[in-house]
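Structural features, examined
Below are the chains, spelled out letter by letter.
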Amino acid sequence: MKFIEGKIGWTLLLVFALLFPVFAGNDYLLTVMSLAYIYAIATIGLNLITGYTGQFNLAHAGFMAVGAYTVGILTVDHQVPFWIAFALSGFVATALGFFVGLVSLRLKGHFFSIFTLCVGYIMYLLIEKWESLTHGTVGIIGIPAPESIAGIDFETPRAQYYLVLFFLVLSVWVMHRIVTSLLGRTFMAVRNSDDLAEALGINLMRNKLLAFMLSVFYAGLAGGLYAGSVRFLGPGLAGVEHTFDMTMFMLIGGIGTLFGPLLGSISMPWLTQYLQFLQDYRFIVFGPILVLLVIFLPNGIVGSYVAWKTRNASRKADAIAKLTRQTAAGATTKREGTSHA
C-alpha cells in the first residue's frame, strides 16, 4: 500500500491500465472495465461530499442519470453533437445540484440523507413518467458514439476504453489537487466539526454547497460517459441502489481517501463477474464479506492502512519524546551531582 501511494505506484497503475486492452483478450472485458472506470468517476465525486465534507448524498445516482439523460436527449432528439452534449452533462447536473443543495444542506446528518433520498426518488419518477422528454420506461435508444477527434474513432470498445480512462485519470488528478489544497482542508474542517469550523471563520453553507456542486459535477460527467458507452438509457440508472453500490465501493476502499474509492470501484465489479456462476446466491457471499470488512476494517482497506500508519507515527513520536525527556532528566541530574561535588 505504501508503494502504491507513491508516484511510482500511481505510474505503474497507469501503465497497467494502458496495457490492459493488450491482455484483455476480448471486447467484453474491455466493456466491464470501462463501466468500472465510469462508476469510479462517480464514486470519487460521492467521496468528496461524503468522505471529505461529511454529508451523505443519497441522490448521487439521480445526478448521474441527469448527466446521462442530458447527453441522450440532446443527441437523439435534437441532433446535438456528442461532445457539446457531453460538455453540458456535468454543468446541467451542477446547476440542478445548486438548487437542491441550497435546500438540502440546511439539514444535518441523517436528515440531509433522508432528504436527498427523497430527491433521488423524485428524479427517478420524473425520468420514468415524463415520457415526452425522457421517453419514459421505453428509454432512449440509439445514442451516438462520440465523434472522432484528430482521426481517432470511438466506435470500438478499445477506443471507448481509452477515452473513459483518460477522463478517469483527469478526474483523479483534479480531485487530488482539490483535496490537497486549502479548499480540501476547509472541507475536512467542516467534516470534523461544524461548530469549530464556523468558529474559525469558515462559511459553512458556501463550502458545503461548493463541495456538493463539485460532487454532482463528477456524477454528471460519469453519466455523460455512460450514455456514450452504453448508448441506451432507462430510468433504472437513477435508482438508489446505484448510490448504495457506490457507497459500498467507498466502504471497501476507504471513505475519505483518494485511492480507496478507486480501488473499490474497480475491484468489486470484477468480483461480481467472477461470482456470476452463483447467480442470485452471490449476494449471500457479498453479505458476510461486507460484515467482516465493517468489523475488522471499519475504515476500508486504504483507510485502515492510513489509520495504522498514523498510529504508528504517533507511537514513534511518543517514544522519541519520552527518550528526549529521559535524556534531559539524566543530563540535569548529572549536572546537579557535579555541582554538589
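Residues numbered from 1 in each chain as written. Predicted model: local features only at pLDDT ≥ 70, side-chain atom pairs only at ≥ 80, totals over all residues. Heavy atoms only, no water.

Here's the deal with the overall build of the chain
The secondary structure content of the chain amounts to 15 helices and two strands. In terms of its C-alpha atoms, the chain occupies a principal-axis envelope of roughly 100 × 50 × 45 Å. A burial count over the chain gives 44% of its 341 residues as buried. Taking the contacts inside the chain whose residues are at least 6 apart along the sequence as the reference set, 76% of them involve residues at least 24 apart. Total accessible area computed for the chain in this model is approximately 17,800 Å², and 70% of it derives from carbon and sulfur atoms. Mean positive and mean negative side-chain charge positions of the chain (21 and 16 charges, respectively) differ by 19 Å. (Helix = DSSP H or I, 4+ residues; strand = E, 2+ residues; numbered from the N terminus. Buried < 20%, exposed > 50% of the residue type's maximum accessible area, 1.4 Å probe, protein only. Contact = heavy atoms within 4.5 Å. Areas by Shrake-Rupley, 256 points an atom, 1.4 Å probe, with all protein chains shown as cover. Lys, Arg positive; Asp, Glu negative; His and termini not counted. Charge placed at Lys NZ, Arg CZ, Asp CG, Glu CD.)

Considering helix H13 (residues 259–274)
Counted at 1.5 Å a residue, the expected span for H13 with its 16 residues is 22 Å, and the 23 Å between its end C-alpha atoms agrees. Inspection of H13 places Phe259, Gly260, Pro261, Leu262, Gly264, Ser265, Met268, Pro269 and Trp270 among the buried residues, and these make up the whole buried set. (Expected span 1.5 Å × (residues − 1).)

Comments concerning the environment of Gly239
Relative to the helices and strands, Gly239 resides in the loop between strand E2 (232–233) and helix H12 (240–253). Given a relative accessible area of 7%, Gly239 falls into the buried group. Taking the C-alpha atoms as reference points, Gly239 and His78, 161 residues apart in sequence, are found 26 Å from one another. Beyond its immediate chain neighbours, meaning those up to four positions away, Gly239 contacts Ala61 and Tyr124.

So, unusual backbone geometry
Of note in this structure, Gln79 is not a glycine but carries a positive phi near 55°. Mapped onto the fold, Gln79 is located in the loop between helix H4 (60–77) and helix H5 (82–104). Phi at His135 takes a positive value of approximately 70°, unusual for a residue other than glycine. Within the element layout of this structure, His135 appears in the loop between helix H7 (131–134) and strand E1 (140–141).

Details of helix H9 (residues 182–192)
Among the residues of H9, Gly184, Thr186, Phe187 and Val190 are the ones counted as buried. Projected down its long axis, H9 shows its buried positions confined to an angular sector of 155°, all on one face. Along H9, the residues that are exposed and aim more than 90 degrees away from the buried face are Leu182 and Asn192. Its buried side turned inward, H9 meets helix H3 (27–52), helix H8 (157–179), helix H10 (194–199) and helix H11 (204–230). (Arc of directions from axis to C-beta.)

Observations concerning empty space enclosed by the protein
In the structure shown here, the tally under the stated rule is one cavity of 30 Å³ or more. The set of elements that each furnish at least two residues to the lining of the largest cavity consists of H8 and H11. When the residues that make up the lining of the largest cavity are grouped by side-chain class, the tally is five nonpolar, three polar and no charged. (1 Å grid on protein atoms, 1.4 Å probe; cavity = no way out; pocket = protein on both sides within 12 Å on 5 of 7 lines; lining within 4 Å. Points joined across faces, edges and corners; volume = space filled by probe spheres on them. Nonpolar A, V, L, I, M, F, W, Y, C, P; charged D, E, K, R; others polar.)

Observations regarding the nonpolar core
Nonpolar side chains in soluble globular proteins generally cluster together in the buried interior. Residues Met64 and Leu233 are the most contacted members of the largest nonpolar core, which totals 78 residues. Element by element, the count of residues in this core is highest for H3, at 14 residues. Once residues lying within four places of it in the same chain are set aside, the contact partners of Met64 are Ile38, Tyr39, Ala42, Ala219, Gly220, Ala222, Gly223, Tyr226 and Leu237. (Core = buried A, V, L, I, M, F, W, Y, C linked by side-chain atoms within 4.5 Å.)

Topic: a nonpolar patch on the surface
A contiguous nonpolar patch, built from Leu14, Val15, Leu18, Leu19, Val22, Phe23, Tyr162 and Val169 and spanning about 700 Å² of accessible area, is present on the exposed surface. Here Tyr162 shows up in helix H8. (Patch = residues over 30% accessible without salt bridge, like charges linked within 9 Å, V, L, I, M, F, W, Y side chains within 5 Å. Salt bridge = Lys/Arg side-chain N within 4 Å of Asp/Glu carboxyl O.)

Section: the pattern of salt bridges
Inspection of the entire model under this criterion finds three salt bridges. Residue Lys108 is joined to Asp194 by a salt bridge in which the shortest nitrogen-to-oxygen separation is 3.8 Å. Here the residue Lys108 occupies a position in the loop between H5 and helix H6 (109–129), and Asp194 occupies one in helix H10, the gap between them amounting to 86 residues. When the shortest N-O distance is used, the salt bridge between Glu155 and Arg231 registers 3.4 Å. Pair noted here: Glu155 is in the loop between E1 and H8 and Arg231 is in the loop between H11 and E2, with a separation of 76 residues, a long-range link.

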